[in-house]
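Tertiary structure, described
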Amino acid sequence: RSAEPALALAAAQTRAPTLTCLDLGSCLALDDDAVSAVVAACGATLKRLGLRDCRKLTDACFSSLAASRALEDVDVGGNFNMTIRGAERFLEQRGALKRTRDDDDDPKAALSGLSVAGLGCDDAFLAAASARAPGLTVLGCGYGRFSSSAFRAAVAGLARLVDVRVQWTATFDDAALAALGEACGGVRCVDALGTSVTVDALATFLRNKVHSDELGPMPTRRLEHFDARYTAGPREKLDALPRAWAAAGVVVVV
């Protein structure tokens, strides 16, 4: 939980950067300066960075992350000293960096994963994500404060989403789930724990996204996992879903 290992790693990587993936989650002593040192040392190679539950980090950390030219996937969920406005500015800064790159046609230069769970994801952030990071495949916006209509509008511009986490967001409802299904043909995992989704809407979503014997081979239907715990129910119908869809190769958690 000390920041010293991260600083030692940064010192080692300064000489010969090779690191592509780093998870520093729950490192409670990690601060903005330590992240800045890691990014400065590994920025040319680091593609994935996990900073979940690093409670000393503030919005100043976003400036370091935006400057990391190779970074594709970052998780800052659970960091209560960071704000959703800081995350929105991060998207703006990443967009400015992208425009200055020589390899703008390289898809690896674009942000593909971002989790801001617990930061109070709102309508403005979703609009910014849709406009500035249309290549996102992973979006974590649990404990959100966004409206259903804003989510529906945002996913229309986020067609590449594969993994969507909206846990404990009361405003994620049947209409939002339907919009996700329509806009994102390749979605594989949905965490809708504690949302307002009903069983009927979930059943419709599954029928549209999962293989079935009746439909025959449907290679575009790739849903693998759906967390429906503590959703709107009714409970007796919810309990029947895992068994009903097990043969289709999808795990429904209730």
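Since this is a predicted model, take the numbers as computed values, not measurements.

Some points on the packing of aromatic side chains
- Overall, the coordinates contain five aromatic pairs when judged by the stated rule.
- Aromatic ring contacts, followed pair by pair, group Phe146, Phe151 and Phe172 into a single cluster.

What about the packing of helix 8 (residues 199-209) against helix 9 (residues 235-245)?
- The N-to-C vectors of helix 8 and helix 9 enclose an angle of 15 degrees; their axes lie 10 Å apart at closest approach. The angle between the axes of helix 8 and helix 9 places the two elements in the roughly parallel class. Crossing geometry of helix 8 relative to helix 9 is assigned as right-handed. Note on element contacts: helix 9 touches helix 8 through Lys237, Leu238, Leu241 and Trp245, opposite Val199, Asp200, Leu202, Ala203, Leu206 and Arg207.
- For the contact of helix 8 with helix 9, the residue count by class is seven nonpolar, no polar and three charged.

Some words on the pattern of salt bridges
- A full pass over the atoms with the stated rule returns ten salt bridges.
- The shortest N-O distance in the salt bridge between aspartate 53 and arginine 55 comes to 3.1 Å.
- By relative accessible area, which is 22% here, aspartate 53 ends up partly exposed.
- Exposure remark for arginine 55: the relative accessible area of 32% places this residue in the partly exposed category.

With respect to the nonpolar core
- Of all hydrophobic cores here, the largest spans 72 residues; its most connected members are Leu51, Leu65 and Phe151.
- Those elements that place two or more of their residues in this core are helix 2 (32-42), helix 3 (60-67), helix 4 (84-100), helix 5 (123-132), helix 6 (148-155), helix 7 (174-183), helix 8 and helix 9.
- Sorting elements by how many residues they give to this core places helix 2 first, with six residues.
- Setting aside residues up to four positions removed in sequence, leucine 51 forms contacts with Leu24, Gly25, Leu30, Val35, Leu57, Cys61, Leu65, Asp75, Val76 and Asn79.

Looking at helix 9
- Along helix 9, the positions that sit buried rather than exposed are Leu238, Leu241 and Trp245. One face of helix 9 carries all of its buried residues, which in axial projection span an arc of 50 degrees. The outward face of helix 9, more than 90 degrees from its buried face, is lined by the exposed residues Glu236 and Arg243.
- In the core, the buried residues of helix 9 are packed alongside helix 8 and strand 9 (251-253).

Thresholds applied
- Residues numbered from 1 in each chain as written.
- Predicted model: local features only at pLDDT ≥ 70, side-chain atom pairs only at ≥ 80, totals over all residues.
- Heavy atoms only, no water.
- Phe/Tyr/Trp six-rings, centres within 6.5 Å; stacked < 30°, edge-to-face > 60°.
- Axes fitted to C-alpha atoms, helices over the stretch in contact; angles between N-to-C directions.
- Helix = DSSP H or I, 4+ residues; strand = E, 2+ residues; numbered from the N terminus.
- Parallel < 35°, antiparallel > 145°, perpendicular 65-115°, else oblique.
- Left-handed = near helix turned anticlockwise from the far one by under 90°.
- Contact = heavy atoms within 4.5 Å.
- Nonpolar A, V, L, I, M, F, W, Y, C, P; charged D, E, K, R; others polar.
- Salt bridge = Lys/Arg side-chain N within 4 Å of Asp/Glu carboxyl O.
- Buried < 20%, exposed > 50% of the residue type's maximum accessible area, 1.4 Å probe, protein only.
- Core = buried A, V, L, I, M, F, W, Y, C linked by side-chain atoms within 4.5 Å.
- Arc of directions from axis to C-beta.

The values are spatial; any link to function lies outside them.
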